[in-house]
Amino acid sequence: MEKSCTLLIHFDKGTPAIANEIKEALEGNDVAAKIDAMKKAIMLLLNGETLPQLFITIVRYVLPSEDHTVQKLLLLYLEIIEKTDTKGRVLPEMILICQNLRNNLQHPNEYIRGVTLRFLCRLNETEIIEPLIPSVLQNLEHRHQFIRRNAILAVMSIYKLPQGEQLLVDAPDMIEKVLSTEQDPSAKRNAFLMLFTCAQDRAINYLLTHVDRVSDWGELLQMVVLELIRKVCRTNRAEKGKYIKIIISLLNAPSTAVIYECASTLVSLSSAPTAIRAAANTYCQLLLSQSDNNVKLIVLDRLNELKSSHRDIMVDLIMDVLRSLSSPNLDIRRKTLDIVLELITPRNINEVVLMLKKEVVKTQSGELEKNGEYRQMLIQAIHSCAIKFPEVASTVVHLLMDFLGDSNVASAIDVVVFVREIIETNPKLRVSIITRLLDTFYQIRAARVCSCALWIIGEYCLSLSEVESGIATIKQCLGELPFYSVSEEGEGTDASKKTPQANSITVSSRRPAILADGTYATQSAASETAFSAPTVVQGSLASGNLRSLLLTGDFFLGAVVACTLTKLVLRLQEVQPSKVEVNKATTQALLIIVSMLQLGQSSVLPHPIDNDSNDRIVLCIRLLCNTGDDIRKIWLQSCRQSFVKMLSEKQLRETEELKAKAQVSHAQPDDLIDFYHLKSRKGMSQLELEDEVQDDLKRATGEFVNDTDDANKLNRILQLTGFSDPVYAEAYVTVHHYDIVLDITVINRTKETLQNLCLELATMGDLKLVERPQNYTLAPESSKQIKANIKVSSTETGVIFGNIVYETSNVHERTVVVLNDIHIDIMDYISPAVCTDAAFRTMWAEFEWENKVAVNTVIQDEKEFLEHIIKSTNMKCLTPVSALDDECGFLAANLYAKSVFGEDALVNLSVEKQADGKLSGYIRIRSKTQGIALSLGDKITLKQKGGN
Amino acid sequence: MVVLAASVLSKSGKVLVSRQFVDMTRIRIEGLLAAFPKLVGTGKQHTYVETENVRYVYQPIEALYLLLVTNKQSNILEDLETLRLLSKLVPEYCYSLDEDGTCKTAFELIFAFDEVICLGHKENVTVAQVKQYCEMESHEEKLHKLVLQSKINETKDVMKRKASEIDKSKIDKNRGDKGGFMSMGSGRIETSFNDMSISSSGSGSGLGITTDVDSFSTKPKGRQPSSATAPPKGLGMQLGKSQKTNQFLESLKAEGELIVEDVQPRAGQSRVVAPAATDPVTLTAEEKLNVTLKRDGGISSFDVQGTLSLQILNQEDAHIQVQIETGGNPGILFKTHPNMSKELFSNENILGLKDPNRPFPTGPAGDAAGVGLLKWRMQSADESMVPLTINCWPSVSGNETYVSIEYEASSMFDLRNVVISVPLPALREAPNVNQVDGEWRFDPRNSVLEWSIVLIDDSNRSGSMEFVVPPADSSAFFPISVRFSATSLYSDLKVVNIIPLKGGGAPPKFSQRTNLITENYELKPWQETWGRENTPRLLAEARALIMKTKAVTRITPTANALIRKKALFSGQNVGIFFVRIGSETPRAPANKIDAMATSLYSKSLVLLLAS
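From a predicted model like this one, the values you see are computed outputs, not experimental measurements.

**Considering the overall build of chain A**
Inference 1: Scanning chain A for helices and strands turns up 42 helices and 19 strands.
Inference 2: Taking all 948 residues of chain A together, 52% fall into the buried category.
Inference 3: In chain A, the proportion of contacts linking residues at least 24 apart, taken out of those at least 6 apart, comes to 66%.
Inference 4: Approximately 44400 Å² of chain A is accessible, and the part contributed by carbon and sulfur atoms is 51%.

Below is the structure:
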């Protein structure tokens, strides 16, 4: 068992204190110098020095000091020094301090007594404590409460020691007596705590005899009472009834901490609806009454837990929870919405949506900076409501469509995506939505929103009037033709005026982007920037939004416009009986398309039209000129079908996820049953094992380590020296979260004794050695296990170098054996994680470090290669399986992982099958820090060969 | 509801101070704290972070983060309360709220944190209270120090008083000696002058006496040389002396000095030696009694030392031999002076010089007490040999202690001038004596009650006294010392005859005196006194005890610590041992450390760590 650490102080290595100086100062009479020297000594000790020679000096010169600070520092010193030898026996010189401690326990100064008692709480050595017990007990009855409360704690910790029950046989008796007379709330709490931990029966007894007065007790005591109740009821479920009353009475306590505790106690005790309801009500009350964001968030967490276990009860409280939307904090609002969305039922949906709508309206009026994000959140919430309960869609969709022209692009996109989904799933609303969309189309500012809206117009304008007004709207938005003409001087100057502006914008924000399928598109981000900068290209109001967008050079949008027009014309051919009208429309569309092409090839814009858009636009022209049934079918039906398919797949995925979630929360029939008796326990009593609070604490202190696969252990053995070296060493590396433990076995292969054998380790990267190496003596052909702890502070590939240095009796120089490097694998730190597509994109755009690795592999199949990469990098593929399904000779996928330090690792894989059957392409890794990008790249380069 | 650690970090993530309240390894806490800066995001409006296992609750303070690490089930409301309190405390103790300021006051911060959180539980304190606790100003300590100081002062006063008293008694003694010397009617040259003055004072009027006193007290220095030339002789006190000292004492009393007359025993002693040698040959047999009795009966030590001395006034009577007769007590061992003929003594019980031609030294040249001829010694453990046993029973009743003392004398001796001195706890007034056989007086200065019985003979072989004092520890009444004298001896030595060696005339007339006096006769609470001179013997005894009893089952840690400490300070191997007899607790050894150990370790019978 490793020594526990009670104290950390930053130590500036620049001013090392010499042990001799400290010693001199300690021996002197100057109190200030003594204090200073004690501080230095403690710092040195914390820094890993052992300073054994100082102990006697301290015993001789510091122990008798009368200064209070010196005495307190002395206690700190005693706290951190090694008090036992290697075998766990108390060092004999330690009893020298007993006298001093005893004097302190009888010191006339109550604070000295108090701090000494507190020090005893941290002392584990029975041999030192034993002679002090009478003095400790005397202090139980001291008239100063400061002493009493610490004395009680000291008694408690002594009693909790392994032999504590023999040392203090009648401690519970005494404490019980103390408890009955004690007035100080803190001391009373401590006494009750002592009984609670050491003699639970007595604590219960006390509680039950004073049941009427519990509500008058101090806050601290009430907390312990609740803790006791929890514990008792866990072990003895049958006795719940006795305590519920107490909890109910405490629910009205003046202290909010107690109320909170009551609620969580209630939840843990009972699953009766009344109890849960009471708890939930209390939480809601706290949620509203507490102004602290932390409290709100944590209470929301609690409510979330309640929601998953007692959904039916929480449903009734949905409106109470929703009220916390009034908090301006986005995190709180997000959490609230998350909870609420899972609680909506047909009964409350209307209420909820009404509330959400109100909130949305509020965001329009307010000037708060986070309004945009909040609105987006609300829209998403409404979206999911509408999908779950299509009947509400009608009430919200029109409201939401007002936000299509929102300056917040993200929320506008959300709205348009929502509209797109609703129009498909809710055929009844189709007509009204289309009418509305056509009416508001001119307001749309963002290119991505535009293209989506255009798609909707193209797909869902079915009737003649719809198609006609659709074409009219687009035409109106494009404005006068042509976009650009050399002959017209006025427009030419006009255009040339515009260009520099557009130019600067596009160039500054040109970024590569990935499409939804993961492919790389050279997309100009000008559209977004154009919106963030409100200076819309001049004349936009007159000539329409589409025109201004096109004039910035967004030819992708141009292609979409072309396609939409084509679709509309094709549909017009079906619904318009008059050939003339059709031809008219066709020619007009052709004119628009051609002018776009012309604009693309003109020199006014900095970038000529890209090939992709050019191809699509040309395709549209061909189609309009020469329509065939097959093509028509593809354009008019297949597109829609694939959209339907996408929607249904999305739904399928969601239901599958839900199913998976539901399955996870319950035990599988063939799940392992945990027998507490067989659990690894490390000196815990059985009661503690059953105590989830204790478990929680144990986990927090790191005492509770999840057992790892023992079989995997042996894979991790690294040979550090050769077999013919005089010293053979091998290491077994365990990687915990923030630390690496090297278990190094050193074997002396010679027939001589190796003296002063020392394992010197050095590290590269973000690794830090915790302890300094020790010297060992190794008998001939014997072995030694050496443990080295290394701290890790970020996800980077680290390398540990090392030497083994030793002396033998006949050769006086030190001999050095250089060890193999130990590489610490990045894979130990990253774990697969999930994030939304949008989040992935933003991170991809933000992150500064990119590592591009060319694909070079023997694997012939794209999917096999992807799987191999996923496996070897321990990442999660974000691209849905359906998108990777078909054989098309190329594949693009996004992978994502998170490190234990909270860093994100993004990978995009784009491969193409060459004619010769080989794969080519790139793997791009992006991260915020260089370390991840580099080491992950190295890893991939190493692994992509396909072997191991 | 447990706070794992309270820490202060710099904004860059450097751990400045961290105090852990539950057991956790260094790696763990360092790992947790190292992870924190990465977890704390910017632009968030809440100040807690949860990870898989722990929750961090923090608060930025200028260039620092104040951080609590708790488990996840911890009560957030309470933790926030704690954090708020700590955040008020940090600026109180840090000079400046940055790295330097925190590092400099790291220890003060730790002390303050300790006051707020105890074993991970929040204490019910306010900022002011924490400050008060950390300042550690204690009324009680001040009071204690005052009491201590006043005690020291008091002791100093007592010391001063004692010193002046000693000075005075020295002067006093000088005078007394001088007086004694002066009054001695021996044939010294200077004495003639003194004799005159004495005679004048003796015969003169009261006025003369006072002037004499005045001359002594005002001009002691003038007389100094004379006293220096004549070494004081304690045994030479003569009749006039008591008168003289009394005068001094009276005058001292008149001057306001409280002096307790304590003359009886001396008078007794002096009476023994006093009779002037009127016969040409005087043989004095004297036995001195050294007895230590235990409080609860039994003898701790019993030792009789006897001498036979011869005083011859005239040269012509010096050629003699002395025929003696001993009581045949087998316990007594006689030793003759080296000049004596041993054969003669062992065969015929005659004391004579080896060289019969030499005379015995005569009076003026020899010792005032005469020439020692024979010495003897007797030791015994037989209780019946003790001439006088004393039983003292202090008993507390209510607000008073009743002490009853009784004596019992053996029928061997008739004891004279018996004085039993009982030490009393410091009293302002004389104790209340309920009943007494004989007389009593109280010496307030030494706080001794003296019970005197002029003669103990067959009429009063036993007697008792009872007195009442305010409540006191029973050990306060010990040791009781006893003085008495008697005329018969343990050895029953008798001078039968004096055989003249020359002249063949009738043996010169001789007188014989026998005298038994107490030298050290005490009733002690415990067996031994602890004293430096006793140490080797005690050590030996303790070893013997260990050998016999094997009483020490173990050396307790504290005792061990004590031994080590002593060794450390003295640089030698040392031993401490506590002797326990009967049901009594061990006698407290002389110094403080030992006293501590004794009270702690009354269980151990004997502790010894020698060599």
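Still more ground to cover, so stick around.
**Thoughts on the interface of chain B and chain A**
Inference 1: Contacts between the two partners involve 83 residues from chain B and, on the opposite side, 92 residues from chain A.
Inference 2: A per-residue breakdown of the area chain B buries against chain A is headed by B:Ile27, B:Phe107 and B:Met136, which together make up 10% of the total.
Inference 3: Taken together, chain B and chain A are joined by seven salt bridges.
Inference 4: For the side of chain B that touches chain A, the element with the highest residue contribution is helix H1 (residues 26-39) of chain B, accounting for ten residues.
Inference 5: When grouped by side-chain class, the residues that make up the side of chain B that touches chain A number 37 nonpolar, 18 polar and 28 charged.
Inference 6: Where strand S1 (residues 7-9) of chain A lies against strand S2 (residues 15-20) of chain B, three bridges are found, and the strand directions are antiparallel. Bridge pairing in S2(B) links A:Ile9 to B:Val17.

**A word on the environment of A:Asn583**
Residue and element names in this part refer to chain A.
Inference 1: Tracing the sequence through the fold places Asn 583 in helix H34 (residues 579-601).
Inference 2: A residue is classified by how much of its surface remains accessible, and Asn 583, at 45% relative accessible area, is partly exposed.
Inference 3: Sequence separation between Asn 583 and Gln 573 is ten residues, and the spatial gap between their C-alpha atoms is 8.6 Å.

**Side note on the sheet that holds strand S6 (residues 739-748) of chain A**
All names here are of chain A.
Inference 1: A sheet is described by the order of its strands in space; here five strands give the open sequence S4-S5-S6-S10-S8, paired in antiparallel fashion. Each end of this open sheet is capped by a strand with a single partner; those strands are strand S4 (717-719) and strand S8 (767-769). For this sheet, the mean inter-axis angle between neighbouring strands, taken without regard to orientation, is 30°.
Inference 2: One ladder, built from nine bridges, connects S6 with strand S10 (residues 783-792); its direction is antiparallel. Bridged to Leu 742 within S10 is Ala 788.

**Quick notes on the packing of aromatic side chains**
Inference 1: Overall, the coordinates contain 21 aromatic pairs over all chains when judged by the stated rule.
Inference 2: Taking the centre distance of 4.4 Å and the plane angle of 40° together, the rings of A:Phe146 and B:Tyr133 count as tilted. Of the two residues, A:Phe146 sits in helix H9 (residues 145-160) while B:Tyr133 sits in helix H5 (residues 127-135), which places them in two different chains.
Inference 3: Aromatic pair B:Phe334 and B:Trp376: ring centres 5.6 Å apart, planes at 50°, arrangement tilted. Taken as a pair, B:Phe334 in strand S11 (residues 332-336) and B:Trp376 in strand S13 (residues 371-379) lie far apart in primary sequence, 42 residues in all.
Inference 4: Overall, B:Phe334 belongs to the partly exposed group, its relative accessible area being 24%.
Inference 5: Look at B:Trp376 and you get buried, because its relative accessible area is 3%.
Inference 6: Each residue in the set B:Phe36, B:Tyr56, B:Tyr58 and B:Tyr65 is aromatic and connected to the rest through ring pairs, giving one cluster.
Inference 7: Above the ring of B:Phe111, the side-chain terminus of A:Lys72 is found at 4.4 Å from the ring centroid.
Inference 8: Positioned above the aromatic ring of A:Tyr374, the side-chain terminus of A:Arg333 is 3.7 Å from the ring centre.

**Points about the pattern of salt bridges**
Inference 1: Taken as a whole and judged by the stated rule, the model has 41 salt bridges over all chains.
Inference 2: Here A:Lys650 and A:Glu421 are joined by a salt bridge, their closest N and O atoms 2.9 Å apart. Within this pair, whereas A:Lys650 is found in helix H36 (residues 629-665), its partner A:Glu421 is found in helix H25 (residues 409-425), the two being separated by 229 residues in sequence.
Inference 3: Classification of A:Glu421 by relative accessible area gives buried; the value is 7%.
Inference 4: Salt bridges here are not isolated pairs; linked through shared partners, they connect A:Glu79, A:Arg122, B:Arg19 and B:Asp114.

**Some thoughts on the pairing of strand S5 (residues 727-735) of chain A**
All names here are of chain A.
Inference 1: With seven of nine residues buried, S5 is to be regarded as a mostly interior element.
Inference 2: Alignment of S4 against S5, held across three bridges, turns out to be antiparallel. Residue pairing for S5: Ile 717 is matched across the bridge by Tyr 732.
Inference 3: Strand direction decides the pairing type here: S5 and S6, joined by nine bridges, are antiparallel. Within the sheet, the bridge partner assigned to Thr 734 lies in S6 and is Val 741.

**Focus: the nonpolar core**
Inference 1: Of all hydrophobic cores here, the largest spans 268 residues; its most connected members are A:Phe192, A:Met194, A:Leu207, A:Leu303 and A:Leu546.
Inference 2: The greatest single-element share of this core, amounting to twelve residues, is contributed by helix H33 (residues 555-575) of chain A.

**Side note on the packing of helix H14 (residues 219-235) of chain A against helix H16 (residues 256-269) of chain A**
Residues and elements named next belong to chain A.
Inference 1: Put simply, H14 and H16 touch, their axes get as near as 10 Å, and they point 5° apart. Between H14 and H16, the interaxial angle falls into the category roughly parallel. For the pair formed by H14 and H16, the contact residues are Glu 219, Gln 222, Met 223, Leu 226, Ile 229, Arg 230 and Cys 233 on the first element and Ala 257, Val 258, Glu 261, Cys 262, Ser 264, Thr 265, Ser 268 and Leu 269 on the second.

**What to know about the side chain of A:Thr116**
Residues and elements named next belong to chain A.
Inference 1: Tracing the sequence through the fold places Thr 116 in helix H6 (residues 110-121).
Inference 2: According to the relative accessible area criterion, Thr 116 is buried, its value standing at 0%.
Inference 3: With residues near it in sequence (within four places) discarded, Thr 116 still touches Leu 75, Leu 101, Asn 104 and Leu 105.

**A closer look at unusual backbone geometry**
Inference 1: Located in the positive-phi region is A:Glu781, a residue other than glycine, with phi close to 55°.
Inference 2: Structurally, the position occupied by A:Glu781 is in the loop between strand S9 (775-778) and S10.
Inference 3: Even without a glycine there, the phi angle at B:Asn417 is positive, about 50°.
Inference 4: Relative to the elements of secondary structure, B:Asn417 occurs in strand S16 (residues 415-423).

**Observations regarding the sheet that holds strand S4 (residues 54-61) of chain B**
Inference 1: Pairing in this open sheet of six strands is antiparallel, and the strands run S1(A)-S2(B)-S1(B)-S5(B)-S4(B)-S3(B) from one edge to the other. A strand with exactly one partner marks an edge of an open sheet, and here the two such strands are S1 of chain A together with strand S3 (48-50) of chain B. Taking each pair of neighbouring strands and ignoring which way they run, the sheet shows an average axis angle of 15°.
Inference 2: Lying over the sheet, helix H4 (residues 106-116) of chain B contacts S1 of chain A together with strand S1 (3-10), S2 and strand S5 (64-71) of chain B, oriented at roughly 30° with respect to S2(B).

**What about the packing of helix H26 (residues 430-440) of chain A against helix H28 (residues 464-478) of chain A?**
All names here are of chain A.
Inference 1: Running from N to C, H26 and H28 point in directions that differ by 20°, and their axes come no closer than 10 Å. Taken as axis vectors, H26 and H28 run roughly parallel relative to one another. Taken as a pair, H26 and H28 cross one another with a handedness that is left-handed. From H26, Arg 430, Val 431, Ile 434 and Leu 438 reach across to H28, where they touch Glu 466, Ser 469, Gly 470 and Thr 473.
Inference 2: Considered class by class, the residues forming the contact of H26 with H28 number three nonpolar, three polar and two charged.

**A few points about the environment of A:Leu647**
All names here are of chain A.
Inference 1: Within the fold, Leu 647 resides in helix H36.
Inference 2: Residues Leu 647 and Thr 425, 222 residues apart in the sequence, show an inter-C-alpha distance of 8.9 Å.
Inference 3: Residues in contact with Leu 647, not counting those within four places in the same chain, are Glu 421, Glu 424 and Thr 425.

Rules used in this analysis
Residues numbered from 1 in each chain as written. Chains lettered and ligands numbered in written order. Predicted model: local features only at pLDDT ≥ 70, side-chain atom pairs only at ≥ 80, totals over all residues. Heavy atoms only, no water. Helix = DSSP H or I, 4+ residues; strand = E, 2+ residues; numbered from the N terminus. Buried < 20%, exposed > 50% of the residue type's maximum accessible area, 1.4 Å probe, protein only. Contact = heavy atoms within 4.5 Å. Areas by Shrake-Rupley, 256 points an atom, 1.4 Å probe, with all protein chains shown as cover. Buried area = accessible area lost by both parts, 1.4 Å probe. Salt bridge = Lys/Arg side-chain N within 4 Å of Asp/Glu carboxyl O. Nonpolar A, V, L, I, M, F, W, Y, C, P; charged D, E, K, R; others polar. Pairing = 2+ DSSP bridges. Axes fitted to C-alpha atoms, helices over the stretch in contact; angles between N-to-C directions. Phe/Tyr/Trp six-rings, centres within 6.5 Å; stacked < 30°, edge-to-face > 60°. Lys NZ or Arg CZ within 6 Å of the ring centre and 35° of its normal. Core = buried A, V, L, I, M, F, W, Y, C linked by side-chain atoms within 4.5 Å. Parallel < 35°, antiparallel > 145°, perpendicular 65-115°, else oblique. Left-handed = near helix turned anticlockwise from the far one by under 90°.

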